[in-house]
Amino acid sequence: GYGLAASAIRGDHRLIAVVNGLDSVKERGTEAEKLLEWGFRNFENRTLFKAGDTVEEAGVWLGVEDTVPLVTREDVRLTLPRGKSADMSAVVRYEGPLPAPIAEGAQVATLTVTAQDLTPIEIPLYAERSVEKLGFIGRIVAAAETLIFGAVQ
């Protein structure tokens, strides 16, 4: 039969359709057009975070700063069925607090995005800036605070 691979763009939404095994040139064009129209009607792109956006602040242990921003290197965009973004959740996972020193750009966490009927997506998160380790006296003070108050910086 007749087949066709087609691509169409509307705004920032690109779809690709492949049809095969059809009876005529006209039918393959008609069916590909129907499939693309269905896709544009029923799916939408959602930008969760832009590259460089702070997703979360992670706690830092024994650092000259108490927290470090966690960022993505690329835009985080998903194509979802229309109206399903309310079912979506995004969770940041890391073993924390993060021990200093932390190098700028080091992957220190993961963003996991889940939604109904969607395979979980994991996106690496990076330290936006370096965080140096506290000096000797600062580490002693932080350790004493932890022993006395039970609080981690």
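Structural data are supplied above this passage.
Residues numbered from 1 in each chain as written. Predicted model: local features only at pLDDT ≥ 70, side-chain atom pairs only at ≥ 80, totals over all residues. Heavy atoms only, no water.

Colleague: Would you take a moment to explain the overall build of the chain for this structure?
Modeller: The number of helices and strands found in the chain is two helices and 10 strands. For the chain, the succession of helices and strands along the chain, N to C, is β-β-α-β-β-β-β-β-β-β-β-α. Computed over the C-alpha atoms, the radius of gyration of the chain is 24 Å, more than 25% above the 15 Å expected from 2.2 N^0.38 for a compact globule of 153 residues. Here the chain holds 153 residues, and the buried ones make up 28% of them. Taking the intrachain contacts of the chain between residues at least 6 apart in sequence as the baseline, contacts between residues at least 24 apart amount to 58%. In the structure as shown, the chain presents an accessible area of about 9,600 Å², 52% of it carried by carbon and sulfur atoms. Separation of charge centres in the chain, based on 16 positive and 22 negative side chains, amounts to 7 Å. (Helix = DSSP H or I, 4+ residues; strand = E, 2+ residues; numbered from the N terminus. Rg over C-alpha atoms; globule rule 2.2 N^0.38 Å. Buried < 20%, exposed > 50% of the residue type's maximum accessible area, 1.4 Å probe, protein only. Contact = heavy atoms within 4.5 Å. Areas by Shrake-Rupley, 256 points an atom, 1.4 Å probe, with all protein chains shown as cover. Lys, Arg positive; Asp, Glu negative; His and termini not counted. Charge placed at Lys NZ, Arg CZ, Asp CG, Glu CD.)

Colleague: What should I look at first to understand a nonpolar patch on the surface in this one?
Modeller: Together, Phe-136, Ile-137, Ile-140 and Val-141 give the surface a local cluster of nonpolar side chains, amounting to about 410 Å² of exposed area. Residue Val-141 is classed as partly exposed on the basis of its relative accessible area of 42%. (Patch = residues over 30% accessible without salt bridge, like charges linked within 9 Å, V, L, I, M, F, W, Y side chains within 5 Å. Salt bridge = Lys/Arg side-chain N within 4 Å of Asp/Glu carboxyl O.)

Colleague: Please clarify how the side chain of Thr-112 should be interpreted in this entry.
Modeller: Tracing the backbone through its elements, the reader meets Thr-112 in strand S9 (residues 107–115). Not counting chain neighbours up to four residues away, the residues in contact with Thr-112 comprise Ser-89, Ala-90, Val-91, Arg-93, Pro-120, Ile-121 and Glu-122.

Colleague: Would you explain the pattern of salt bridges in this entry?
Modeller: A side chain with one charge can pair with a side chain of the opposite charge if their charged atoms come near. In this structure the tally under the stated criterion is six salt bridges. Taking the shortest distance from any N to any O, the salt bridge between Glu-31 and Lys-34 comes out at 3.2 Å. Taken together, the residues span about one helical turn, with Glu-31 and Lys-34 both in helix H1 (residues 25–42) at a distance of three residues. The exposure class assigned to Glu-31 is partly exposed, which follows from its relative accessible area of 29%. Put simply, Arg-129 and Glu-128 hold a salt bridge, and the shortest N to O gap is 3.5 Å. Classification of Arg-129 as partly exposed rests on a relative accessible area of 31%. Take Glu-128: its relative accessible area is 33%, and that puts it in the partly exposed class.

Colleague: Looking at this model, I keep getting lost on the nonpolar core. Mind explaining?
Modeller: In globular proteins that are soluble, nonpolar side chains generally tend to be buried together. In this structure, Val-68, Leu-70, Val-92, Ile-102, Leu-111 and Leu-125 are the most contacted members of the largest nonpolar core, which totals 22 residues. When residues of this core are traced back to their parent elements, those giving at least two are strand S4 (54–61), strand S5 (67–71), strand S6 (76–81), S9 and strand S10 (118–127). The leading source of residues in this core is S9, at four residues. Those residues within four positions of Leu-125 in sequence are excluded, and the remaining contacts are Val-55, Leu-70, Val-71, Thr-72, Val-92, Ala-106, Gln-107, Val-108, Ala-109, Thr-110 and Leu-111. (Core = buried A, V, L, I, M, F, W, Y, C linked by side-chain atoms within 4.5 Å.)

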